[in-house]
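# Analysis of the macromolecular model
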Amino acid sequence: MGNPSSQKGGKAAADSVSLHTNPGESSTDNYRDGNDFDTPEIAVDDLPPNYNDALESSEAASLLQPPVAPMPAPNNVPVVAKRPYVADATFLEDINTGAQFWIAKSLEYPAELESHIRQLAAIPPRPYIKLVGTHTETTRDSKGKTEKNTVTDFDVSVELTPYLFSDAQYRRSWTQLRTVDNGENTRRGTILRKRAPGSNQSIEVGGDPKPTLQEWCHRYAASHAGLKVFALQRRMVGFDEERVKQRLRTLVNDTNYRGHLKVEIVTKDSLVEVYNEARINHWRLTNWIQMLFMFTLLFIFSWPYLWLRTKRWEVAIAEWPYSRMAEGGNKEYVSIGEDQWYNLWGRAICKAVLEKRQTVLDQADLRRAQDAEPAFNTGSSTVDGALGLFRASMNAMNEVSRQLGWGGDC
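Structural notes, computed from the coordinates. (Residues numbered from 1 in each chain as written. Predicted model: local features only at pLDDT ≥ 70, side-chain atom pairs only at ≥ 80, totals over all residues. Heavy atoms only, no water.)

This brings us to a nonpolar patch on the surface. On the surface, a nonpolar cluster with roughly 590 Å² of combined accessible area is contributed by Met 294, Leu 297, Leu 298, Phe 299, Ile 300 and Phe 301. In terms of residue count, the dominant contributor to the nonpolar patch is helix α7 (residues 299–309) (three residues). Mapped onto the elements, Leu 298 comes out in the loop between α6 (287–295) and α7. (Patch = residues over 30% accessible without salt bridge, like charges linked within 9 Å, V, L, I, M, F, W, Y side chains within 5 Å. Areas by Shrake-Rupley, 256 points an atom, 1.4 Å probe, with all protein chains shown as cover. Salt bridge = Lys/Arg side-chain N within 4 Å of Asp/Glu carboxyl O. Helix = DSSP H or I, 4+ residues; strand = E, 2+ residues; numbered from the N terminus.)

Put into structure tokens, the structure is as follows:
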């Protein structure tokens, strides 16, 4: 059941399969390490549709109704991957990270578990580029005691999920589901991370092929551990994170911002965990029980117990390429390149930063950044004049801030 496959040679690995067979159109660019940013701009009308819009249009209560036999979809009907239905499942989701937790007796069988993991791997991660600016304000009370408070100047995010598809409406992408290599340090039905037997970092002794997803599911099902969990990780790969971060830092610094700037990529919906049916697993994922253990400090005893008793299989990875290396050393993009993305979003991000917004930008923000500010037309010339004067004064204040500096500690 759990023995590695004996297949060798030139066959493609069964654990690394493309989840979409028609990748659609892609952009190709010669990969260079220089700072040549002379790339064409993308029009707003050429943007892929918002992933949330496509998702909401077809997300009928998949957990509330059993699935029916799927009909072949016409070529012009959008296909959106939905959360799979499991009749006996208890499903929980972290509202902050999007992490999903499943508990079901049926998912302890290898065939059902493998099918479930493959369906979940077809749902993309939700990466965001996030810019946060803060400064520290020092205040003094009537008794002369000083207090320092951190003030958020802006918190702006842009979602990258639509750019993981060559056609977001019809879900054409380059995603692949693979299992961990023998040399990767991870949990393989263990408590601690380790490499496969006979492997030492990137050097493998004996040359045994790595287990496929099917084999890992069989090993999970055969385990007699009282508490066990099978995990799927979704990742965006092929994105030049440091290049984009540097350009965004330069963009904000050019506004003469003097506060503390943090640019990072935050990925939601990146983790899925499938637990075996056990009362303790239900308890550990129940919110009020978690809060009770936190307030009573019982987690000091429960956390080591759960950590020592739970066997973890962190062996399945769904990779969603933003780009990949093609033949001839060219870098091929599934949609648009990093520089094209920056040319598209840079103006909207800069405007949101100056307006000190705390939001996730969308296509409406792109259009507002590119279009001229509309004239006021309330029907009263006095009101229109007052509103115009107010907007002009705000623009003047923003311009003064850019010249003198803003957002510094005080």
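With that settled, the discussion passes to the pairing of strand β13 (residues 271–275). Counting buried positions over the five residues of β13 gives four, a clear majority of the element. Sheet topology places strand β4 (residues 100–103) next to β13; four bridges connect them, and they run parallel. Residue pairing across strands places Phe 101 opposite Glu 273, the latter belonging to β13. Pairing of strand β11 (residues 227–237) with β13 involves five bridges; the strand directions are antiparallel. By the bridge assignment, Leu 232 is partnered in β13 with Val 272. (Buried < 20%, exposed > 50% of the residue type's maximum accessible area, 1.4 Å probe, protein only. Pairing = 2+ DSSP bridges.)

Further remarks concern the nonpolar core. Residues Phe 230, Leu 248, Trp 341, Trp 345 and Ile 349 are the most contacted members of the largest nonpolar core, which totals 61 residues. For this core, the element with the highest residue contribution is helix α8 (residues 338–354), accounting for 10 residues. If sequence neighbours within four positions are ignored, Trp 341 has contacts with Ile 129, Val 158, Leu 160, Tyr 163, Val 244, Leu 248, Tyr 322, Ile 336 and Ile 349. Counting six residues, the second-largest nonpolar core is a separate cluster that includes Ala 99, Phe 101, Ile 103 and Tyr 275. (Core = buried A, V, L, I, M, F, W, Y, C linked by side-chain atoms within 4.5 Å. Contact = heavy atoms within 4.5 Å.)

Peptide bonds are trans in most cases, and residues, glycine excluded, mostly fall at negative phi. For Arg 171, which is not a glycine, the phi torsion comes out positive at approximately 60°. By the secondary structure assignment, Arg 171 is in the loop between β6 (146–159) and β7 (176–179). On the basis of relative accessibility, which here comes to 4%, the residue Arg 171 falls in the buried class. In this model, Asn 256 sits at a positive phi of 70°, which is unusual for a non-glycine residue.

It is worth spelling out the packing of aromatic side chains at this point. For the structure on display, the rule yields 10 aromatic pairs. When the ring of Phe 154 is compared with that of Tyr 257, the centres are 5.2 Å apart and the planes differ by 65°; the resulting orientation is edge-to-face. In this pair, Phe 154 sits in strand β6 while Tyr 257 sits in the loop between α4 (241–253) and β12 (260–268), placing the two residues 103 residues apart along the sequence. Tyr 257 shares its class with Phe 154; the two are buried. Across the ring face of Trp 216, the terminal group of Arg 219 is positioned such that the distance to the ring centre comes to 4.7 Å. Positioned over the ring face of Tyr 128 is Lys 268, at 5.5 Å from the centre of the ring. (Phe/Tyr/Trp six-rings, centres within 6.5 Å; stacked < 30°, edge-to-face > 60°. Lys NZ or Arg CZ within 6 Å of the ring centre and 35° of its normal.)

It is worth spelling out the packing of helix α2 (residues 110–121) against helix α3 (residues 213–222) at this point. Look at α2 against α3: their axes get within 8 Å of each other, and the N-to-C directions meet at 130°. Here α2 is positioned oblique relative to α3, judged by the angle of their axes. In the packing of α2 onto α3, the handedness of the crossing is right-handed. Packed against α2, whose contacting residues are Pro 110, Leu 113, Glu 114, Ile 117 and Arg 118, the element α3 presents Leu 213, Gln 214, Cys 217, His 218, Tyr 220 and Ala 221 at the interface. In terms of residue class, the contact of α2 with α3 is built from seven nonpolar, two polar and two charged. (Axes fitted to C-alpha atoms, helices over the stretch in contact; angles between N-to-C directions. Parallel < 35°, antiparallel > 145°, perpendicular 65-115°, else oblique. Left-handed = near helix turned anticlockwise from the far one by under 90°. Nonpolar A, V, L, I, M, F, W, Y, C, P; charged D, E, K, R; others polar.)

Right, let's get into the packing of α8 against helix α9 (residues 363–370). Taken N-terminus to C-terminus, the directions of α8 and α9 make an angle of 85°; their axes are 9 Å apart at the nearest point. Our classification of the angle between α8 and α9 gives roughly perpendicular. Where α8 abuts α9, its residues Leu 344, Trp 345, Arg 347, Ala 348 and Lys 351 lie against Gln 363, Asp 365, Leu 366, Arg 368, Ala 369 and Gln 370. Here the residues of the contact of α8 with α9 are counted per class, giving five nonpolar, two polar and four charged.

Okay, the pattern of salt bridges next. Within this structure, the stated rule accounts for 20 salt bridges. Here Arg 312 and Glu 314 are joined by a salt bridge, their closest N and O atoms 2.8 Å apart. Assigned by exposure class, Arg 312 and Glu 314 land together as buried. What emerges from the salt-bridge pattern is a single network uniting Arg 187, Glu 273, Arg 312 and Glu 314.

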